[in-house]
Amino acid sequence: MAPSTLMVETAMNMYAVTMVVMAGVGTGIGLCRAGLWRAWMTRELAALERGRPLDI
């Protein structure tokens, strides 16, 4: 028995919503990590200019 059109459409909608949510979360995490990485690099470069070793 073939799945009903309603079931297929519901599954496709749920899949689309899930993908949009995952993309949004991934983008949010990416932006957050990029911000943290830039802040860390700025701090390390400032320390390097003052002659302090990097605390990696």
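Everything below is about the structure printed above this text.
Just so we're clear, the structure is a prediction, and the values are computed from it rather than from any experiment.

Draft legend 1. Local environment of the overall build of the chain. Each helix and strand counted, the chain has one helix and zero strands in total. For the chain, the exposed area adds up to about 5,200 Å²; of that, 73% sits on carbon and sulfur atoms.

Draft legend 2. Layout of a nonpolar patch on the surface. Together, Val 17, Val 21, Val 25 and Ile 29 give the surface a local cluster of nonpolar side chains, amounting to about 350 Å² of exposed area. By secondary structure assignment, the location of Ile 29 is in helix 1 (residues 5–49).

Draft legend 3. Spatial organisation of the pattern of salt bridges. Under the definition given, this model contains one salt bridge. In this structure, Glu 44 and Arg 43 form a salt bridge, with 3.3 Å as the shortest nitrogen-oxygen distance. Judged by its relative accessible area of 4%, Glu 44 is buried.

Draft legend 4. Representation of helix 1 in the model. With 45 residues, helix 1 extends 65 Å from end C-alpha to end C-alpha; this agrees with the ideal 66 Å at 1.5 Å per step. Phi for Gly 51, located one or two positions after helix 1, is positive at around 90°.

Rules of the game
Residues numbered from 1 in each chain as written. Predicted model: local features only at pLDDT ≥ 70, side-chain atom pairs only at ≥ 80, totals over all residues. Heavy atoms only, no water. Helix = DSSP H or I, 4+ residues; strand = E, 2+ residues; numbered from the N terminus. Areas by Shrake-Rupley, 256 points an atom, 1.4 Å probe, with all protein chains shown as cover. Patch = residues over 30% accessible without salt bridge, like charges linked within 9 Å, V, L, I, M, F, W, Y side chains within 5 Å. Salt bridge = Lys/Arg side-chain N within 4 Å of Asp/Glu carboxyl O. Buried < 20%, exposed > 50% of the residue type's maximum accessible area, 1.4 Å probe, protein only. Expected span 1.5 Å × (residues − 1).

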